[in-house]
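In case you want the letters, here they are:
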Amino acid sequence: MNQDIDRFSKAYNLSVIIITIGCLGAVAEIFTCGWDLGVALLICAGILALWWIHLHDYKDPRFRENYYLLFPLMVSFYHSMKVNDHAVNTIVFILMLILACMLCRGDFMRIILATFFAVMLLWVLRGIMSAGSAWN
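Chemist: Describe the packing of aromatic side chains, listing the residues and the values that go with them.
Modeler: Scanning all chains against the criterion turns up 7 aromatic pairs. Here the aromatic rings of Trp-35 and Tyr-78 are separated by 6.4 Å at their centres, their planes lie at 85 degrees, and the arrangement is edge-to-face. With Trp-35 in the loop between helix H1 (2-33) and helix H2 (37-55) and Tyr-78 in helix H3 (residues 61-82), the pair connects residues that are 43 residues apart, well separated along the chain. Judged on exposure class, the residue Trp-35 and its partner Tyr-78 are both buried. Counting every residue linked through ring pairs, the aromatic cluster contains Trp-52, Tyr-58 and Phe-63.

Chemist: Go over H2, please, and point to the residues and values.
Modeler: In a regular helix each residue adds 1.5 Å, so 19 residues correspond to 27 Å; H2 covers 27 Å between its end C-alpha atoms and thus fits that length. Among all positions in H2, only Ala-40, Ile-43, Gly-46, Ile-47, Leu-50, Ile-53 and His-54 are buried. Burial along H2 is one-sided: seen end-on, the buried residues are contained in an arc of 145 degrees. Residues of H2 that are exposed and point over 90 degrees away from its buried face: Leu-41, Leu-42, Leu-48 and Leu-55. Within two residues after H2, Asp-57 carries a phi angle of roughly 45 degrees, on the positive side.

Chemist: Tell me about the nonpolar core, residues and numbers included.
Modeler: Formed by 31 residues in total, the largest nonpolar core has its most connected members in Ile-19, Cys-23, Ile-43, Tyr-68 and Phe-71. Among the elements of the structure, H1, H2, H3, helix H4 (86-102) and helix H5 (106-135) are those that each provide at least two residues to this core. The element that contributes the greatest number of residues to this core is H1, accounting for 8 residues. Contact partners of Phe-71, with chain neighbours within four places excluded, come to Ile-19, Cys-23, Ile-43, Gly-46 and Ile-47.

Chemist: Kindly report on the layout of surface pockets, identifying the contributing residues and their values.
Modeler: Empty space within the largest pocket amounts to approximately 280 Å³. Along the walls of the largest pocket sit 17 residues, with Gly-22, Cys-23, Ser-76, Val-92 and Leu-95 positioned nearest its centre. Taken together, the elements giving at least two residues each to the lining of the largest pocket come down to H1, H3 and H4. In terms of residue count, H1 provides more of the lining of the largest pocket than any other element does, 7 residues in total. Taken together, the residues that form the lining of the largest pocket break down as 12 nonpolar, 4 polar and 1 charged.

Chemist: Account for the packing of H2 against H3, naming residues and giving values.
Modeler: Helix packing for two helices is described by the angle between their axes and how far apart those axes are. At a minimum axis separation of 11 Å, H2 and H3 run at an interaxial angle of 160 degrees. Comparing their axes, H3 and H2 come out roughly antiparallel. Judged by the twist between their axes, the crossing of H2 over H3 is left-handed. Counting all contacts with H2, which are made through Val-39, Ile-43, Gly-46, Ile-47, Ala-49, Leu-50, Ile-53 and His-54, the residues of H3 involved are Phe-63, Arg-64, Tyr-67, Tyr-68, Phe-71, Val-75 and Tyr-78.

Chemist: Quick rundown of the environment of Val-119? Include the residues and the values.
Modeler: Note on placement: Val-119 falls in helix H5. Linking Val-119 and Ser-80, residues 39 residues apart in sequence, is a C-alpha distance of 7.2 Å. Discounting residues that sit within four places of it in the chain, Val-119 has contacts with Phe-77, Ser-80, Met-81 and Phe-93.

Here is what the cut-offs are and how they apply
- Residues numbered from 1 in each chain as written.
- Predicted model: local features only at pLDDT ≥ 70, side-chain atom pairs only at ≥ 80, totals over all residues.
- Heavy atoms only, no water.
- Phe/Tyr/Trp six-rings, centres within 6.5 Å; stacked < 30°, edge-to-face > 60°.
- Helix = DSSP H or I, 4+ residues; strand = E, 2+ residues; numbered from the N terminus.
- Buried < 20%, exposed > 50% of the residue type's maximum accessible area, 1.4 Å probe, protein only.
- Expected span 1.5 Å × (residues − 1).
- Arc of directions from axis to C-beta.
- Core = buried A, V, L, I, M, F, W, Y, C linked by side-chain atoms within 4.5 Å.
- Contact = heavy atoms within 4.5 Å.
- 1 Å grid on protein atoms, 1.4 Å probe; cavity = no way out; pocket = protein on both sides within 12 Å on 5 of 7 lines; lining within 4 Å.
- Points joined across faces, edges and corners; volume = space filled by probe spheres on them.
- Nonpolar A, V, L, I, M, F, W, Y, C, P; charged D, E, K, R; others polar.
- Axes fitted to C-alpha atoms, helices over the stretch in contact; angles between N-to-C directions.
- Parallel < 35°, antiparallel > 145°, perpendicular 65-115°, else oblique.
- Left-handed = near helix turned anticlockwise from the far one by under 90°.

Function-wise, these values are silent; they only describe arrangement.
Here it is as structure tokens:
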């Protein structure tokens, strides 16, 4: 039992570090590309809430895991709509899948995969629409 608690504690620590680094990278890209600065402030507030929830062991572990997975999923969805680099976006979603595996949350793996395929579909539709406007 103690080993399970220790394993999940390490998984939570690593998850928070990975999420923080990824979100700070998204904030840096928002500032360098001149995107919506309000979103950068929301992401920073989300990072502060992430650390507060983590350090204070807020609520039950299931609530924390949901926040650890939903917050970066929203950030990665926003980032993937702004960036046209498919390799970077694929790596971000792979990191999200790794987080879900570390937290033993198979239900979130399906949500992350569905989001990834929705983003891919939006990229294809955006490509078709921009190619169609080039023909006119």
